[in-house]
Amino acid sequence: MQTLTKTSTTADQLPQVHEQRNDGIPLDLEWVKAVQANTSAIERRAATLPGRRSVKKDYQAAWLCKAISVMDLTTLSGDDTQDRVKRLCAKAKQPVSPALLAQLGMEGLTTGAVCVYHDMVETAVKALDGTSIPVAAVSTGFPAGLSPFHLRIQEIRESVDAGASEIDIVISRRHVLNGNWQALYDEMAEMREACGDAHIKAILATGELGTLRNVARASLVCMMAGADFIKTSTGKETVNATLPVTLTMIRAIRAYQERTGIKVGYKPAGGISKAKDALVYLAMIKDELGDRWLQPDLFRFGASSLLGDIERQLEHHVTGAYSAQHRHPIG
Ligand SMILES: O=C[C@H](O)COP(=O)(O)O
């Protein structure tokens with residue numbers, strides 16, 4: 001695996017690039033059925049990744065700032081309130097204390113987006129007014145995605161009308177488990193259409209798909225149907241983002257790009273709460289897909305508690321001391 005050295009995330013150089021959207025391609029069942037996943041090889045490779053030193057110490061702070069810049073700062077709880085969402089948005093605008101950012105030369109750093117339930121979209125949009133931080137909504141009956149289909153489509157439309165510019169949808173796991181790729185493709189294509197100009201992230205809920213081969217095939221079908229991003233998990237499954245799943249999904253992204261020329265984004269989400277894990281993910285993306293995928297239009301972390309740990313590590317980098325966890329209540 002590569003060692004992370006320099007990264008281009010600096011306050012005045014925050015990336016503004018935007019990839020052309022994935023308009024999708026017709027469902028190619030031959031291709032889907034030909035996709036395999038060598039589970040033991042993938043697991044063996046994934047197991048070697050965390051043990052390696054993925055980032056040189058001198059560059060660690062810069063890479064942690066990069067992780068913040070590609071983070072969908074998330075709250076997805078049944079007890080979410082407008083006040084909690086406003087505090088989350090304040091944190092997205094100022095993820096780390098101004099003094100610390102000044103010392104790191106990272107003034108102006110923000111998170112990549114804020115991610116909330118549909119009901120909280122309006123509050124988040126208002127709270128982020130005047131910034132370029134997008135609001136992502138988990139729509140389509142998140143997290144199970146088992147509400148009537150027309151209501152899931154309606155929820156997407158309402159989230160977009162409320163100001164969400166990114167929609168995280170959940171797929172119907174049963175279509176994957178039944179091998180009904182046509183149904184998955186049709187569902188995904190219809191959801192993308194309902195998004196209009198809003199970008200769509202397809203949550204596969206990989207912990208419920210049974211096999212890595214299913215993960216690879218579902219990734220491909222969602223890309224064929226026009227997903228702008230494929231995302232691992234809702235954060236509510238028993239097993240959420242893992243390194244083997246990540247390898248499987250990013251290799252599907254690479255295969256799709258090689259065959260069609262189209263770049264699709266990747267969002268690992270669920271259970272990523274440690275700065276050192278974030279660095280492993282970034283190194284893996286750099287290794288398998290290259291630097292272009294380290295920009296917020298092609299990579300996001302979905303995380304509700306990762307920011308707190310990154311903040312602590314940055315503080316340690318600057319002051320040599322760790323602050324208490326309770327000093328980082330949100331994120
Ligand atoms: O989409 C984001 C996930 O729900 C966040 O999961 P987490 O709370 O385990 O970080």
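Residues numbered from 1 in each chain as written. Predicted model: local features only at pLDDT ≥ 70, side-chain atom pairs only at ≥ 80, totals over all residues.

## A short note on the overall build of the protein
Check the secondary structure of the protein and you find 13 helices and 8 strands. Taken over C-alpha atoms, the radius of gyration comes to 19 Å for the protein, in line with the 20 Å a tight globule of 331 residues would show. By principal-axis analysis of the C-alpha atoms, the protein measures approximately 55 × 45 × 35 Å. Taken across its 331 residues, the protein has 51% of its residues classed as buried. (Helix = DSSP H or I, 4+ residues; strand = E, 2+ residues; numbered from the N terminus. Rg over C-alpha atoms; globule rule 2.2 N^0.38 Å. Buried ≥ 20, exposed ≤ 12 C-beta atoms within 10 Å, placed from the backbone.)

## Describing the site of the ligand
Taken together, Thr74, Leu76, Cys115, Thr234, Gly235, Ala269, Gly270, Gly271, Gly302, Ala303, Ser304 and Ser305 make up all the residues around the ligand. When grouped by side-chain class, the residues that make up the shell around the ligand number 4 nonpolar, 8 polar and no charged. (Near = placed C-beta within 6 Å. Nonpolar A, V, L, I, M, F, W, Y, C, P; charged D, E, K, R; others polar.)

## Points about the sheet that holds strand 2 (residues 113-117)
Taking strand neighbours across the sheet as the criterion, the 8 strands line up as 7-6-5-4-3-2-1-8 in an open arrangement whose pairing is parallel. Single-partner strands in this sheet number two, and they are strand 7 (265-267) and strand 8 (301-303). Shown here is a sheet whose adjacent strand axes are inclined to one another by a mean of 25°, direction ignored. (Pairing = 2+ DSSP bridges. Axes fitted to C-alpha atoms, helices over the stretch in contact; angles between N-to-C directions.)

## Quick word on the confidence of the model for the protein
Looking at the protein, pLDDT values average 93 and 92% of them are 70 or higher. Between residues 10-15, whose pLDDT stays under 50, and residues either more than four places distant or in other chains, the model counts 13 contacts. Scored as a whole, the predicted complex attains pTM 0.94, and scored at its interfaces, ipTM 0.97. (pLDDT = per-residue confidence, 0-100. Contact = placed C-beta atoms within 7 Å.)

## A word on the pairing of strand 2
Within strand 2, 4 of the 5 residues are buried, which leaves it mostly tucked inside the rest of the structure. Bridge analysis of strand 1 (residues 71-74) against strand 2 gives 3 bridges, and the strand direction is parallel. Paired with Leu73 across the bridge in strand 2 is Val114. The sheet contact formed by strand 2 and strand 3 (residues 135-138) spans 4 bridges and is parallel. Within the sheet, the bridge partner assigned to Tyr117 lies in strand 3 and is Val138. Once the chain exits strand 2 it traverses helix 6 (residues 121-127) before rejoining the sheet at strand 3, and the crossover so formed is right-handed. (Right-handed = clockwise from strand over helix to strand, strands pointing away.)

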